[in-house]
Amino acid sequence: MIDHVRDLATLQEATDRLLTAVAKLDNGTLAEPSRLPGWTRGHILAHLARNADALVNVFEGRPMYPSADARDADIERDSVRPLQEQLADLKHSAAGFVAVTDRPADWSRTVELRNGVTDSAARVPFRRLVEVELHHVDLGIGYELEDLPAEFTAREIDFLADRWSGRPEVPPAELIASDGGSWRTGSAGDPQVTVRGTSAQLLAWLSGRADKGASLTTSEGPLPALPPL
């Protein structure tokens with residue numbers, strides 16, 4: 001059962017944590033490469049601000065982005081701003097998301113996200129939490145996958161394992177975390193491979209981050225290759 005009220009509170013904590021960390025940076029640091037290929041830290045901050053605006057659009061029944069090209073152009077345009085402008089935009093856009101989620105609403109309704117993806121309104125706060133938490137890690141400023149709250153990590157592994165379930169190009173696999181938890185993913189049938197590691201390592205692989213699985217161990221077969229997110 002999704003608890004959107006709890007997720008919104010957790011999102012506020014994660015947003016505050018991000019803003020505190022970003023406030024310690026400077027203009028030069030923002031221009032440096034992030035952990036995402038082709039993006040500076042400024043690109044990540046611009047994306048987070050525009051994503052908050054886009055989710056306001058979702059709640060208000062508008063397209064999440066006018067187009068993929070417009071989304072990319074907005075991120076590119078905003079990526080070169082100085083720190084204080086980035087911080088102000090992050091705060092303002094986050095406040096806009098809070099404002100729209102404070103309104104009385106039917107949280108069981110279906111909303112449309114990017115590329116025709118639909119979900120219940122109640123799941124959107126967690127989707128935003130994923131953006132904030134994982135992109136905080138992507139900034140490469142001292143917040144690591146291992147620092148993510150355990151509940152968040154388990155829920156995101158749940159989501160990603162489910163995302164790759166039923167995909168014929170991904171062999172059936174069992175995922176076992178050394179710090180607790182197990183999952184199934186891939187196409188139907190008995191597992192052809194067992195993947196073991198910490199929850200953080202499994203999340204890194206499933207989300208295409210860090211070493212993408214080099215720290216994991218497998219039995220009964222090689223580590224499956226996952227499609228791009």
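Anyway, here's the lowdown on the structure attached to this text. This is a predicted model, so every value here is computed, not measured. (Residues numbered from 1 in each chain as written. Predicted model: local features only at pLDDT ≥ 70, side-chain atom pairs only at ≥ 80, totals over all residues. Heavy atoms only, no water.)

## Comments concerning the environment of Ala9
Spelled out, the test is: Under the scheme used here, helices are H or I runs from DSSP no shorter than 4 residues and strands are E runs no shorter than 2 residues, and both carry numbers assigned from the N terminus.
Relative to the assigned elements, Ala9 resides in helix α1 (residues 4–22). Counting along the chain gives 116 residues from Ala9 to Pro125, while the straight-line C-alpha distance between them is 9.3 Å.

## Re helix α5 (residues 83–102)
Applied cut-off: Between the first and last residue of a helix there are one fewer steps than residues, each counted as 1.5 Å, and that sum is the expected span. Pairs of residues are marked as contacts when any of their non-hydrogen atoms sit within 4.5 Å.
Here α5 is 20 residues long and its end C-alpha atoms lie 28 Å apart, about the 28 Å a rise of 1.5 Å per residue gives. Packed against the buried residues of α5 are α1, α2 (27–30), α3 (41–59), α4 (68–78) and α6 (124–138).

## Let's talk about unusual backbone geometry
Formally: A 1.4 Å probe rolled over the protein chains alone gives each residue an accessible area, and that area as a share of the maximum for its type sets the label: buried under 20%, exposed over 50%, partly exposed in between.
The phi angle at Asn115 is positive, at roughly 55 degrees, despite the residue not being glycine. Along the polypeptide, Asn115 turns up in the loop between β1 (110–112) and β2 (118–120). Taking relative accessible area as the criterion, Asn115 reaches 73% and is therefore assigned exposed. Unlike most non-glycine residues, Glu220 shows phi in positive territory, near 70 degrees.

## Some details on the sheet that holds strand β4 (residues 182–185)
We apply this condition: DSSP bridges decide pairing: two strands pair if at least two such bridges lie between them. To obtain each axis, a line is fitted to C-alpha atoms, and for helices this fit is confined to the stretch in contact; angles are then taken between N-to-C directions over 0 to 180 degrees.
Read across the open sheet, the four strands follow the order β4-β3-β5-β6; overall the sheet is mixed. The two strands at the open ends of the sheet, each matched to only one other strand, are β4 and β6 (217–219). On average, adjacent strands in this sheet sit at an angle of 20 degrees to one another, irrespective of strand direction. The pairing of strand β3 (residues 173–177) with strand β5 (residues 193–197) spans five bridges and is classified as parallel. Bridging from a neighbouring strand, Ala177 pairs with Gly197 of β5. The strands touched by helix α7 (residues 150–164) are β3 and β4; relative to β4, the strand with the most contacts, the crossing angle is about 20 degrees. Set on the sheet, helix α8 (residues 199–206) makes contact with β3, β4 and β5; between it and β3 the angle comes to about 140 degrees.

## A few points about the nonpolar core
One recurring pattern in soluble globular proteins: nonpolar side chains tend to sit buried together. The condition that has to hold: Here the nonpolar core consists of buried residues drawn from Ala, Val, Leu, Ile, Met, Phe, Trp, Tyr and Cys, with membership extended through side-chain atoms lying within 4.5 Å.
Of all hydrophobic cores here, the largest spans 59 residues; its most connected members are Val22, Phe97, Leu145, Leu148, Leu175 and Leu202. Secondary-structure elements contributing two or more residues to this core are α1, α3, α5, α6, α7, β3, β5 and α8. At nine residues, the largest contribution of residues to this core is made by α3.

## Considering the environment of Leu11
Position of Leu11 among the secondary structure elements: in helix α1. A relative accessible area of 5% means that Leu11 is categorised as buried. Distance in space between the C-alpha atoms of Leu11 and Glu133 is 8.8 Å, their sequence separation being 122 residues. The residues touching Leu11, leaving out its near neighbours within four places in the chain, are Phe97, Pro125, Arg128, Leu129 and Val132.

## Things to note about α3
Which entries qualify depends on this criterion: By the criterion applied in these results, polar contacts are pairs of N or O atoms within 3.5 Å in which, for protein atoms, one can donate a hydrogen and the other can accept it, and in which residues neighboring in sequence qualify only through two side-chain atoms.
The terminal C-alpha atoms of α3 lie 28 Å apart, and with 19 residues this matches the ideal 27 Å at 1.5 Å per residue to within 8%. The buried fraction of α3 amounts to 18 of the 19 residues, a majority that puts the element mostly inside the structure. The residue sitting at the N-terminus of α3 and contributing the capping side-chain oxygen is Thr40; that oxygen lies 3.2 Å from the backbone nitrogen of Gly42. After α3 finishes, the residue Gly61 shows a positive phi value of roughly 80 degrees.

Nothing here speaks to function; it is all geometry.
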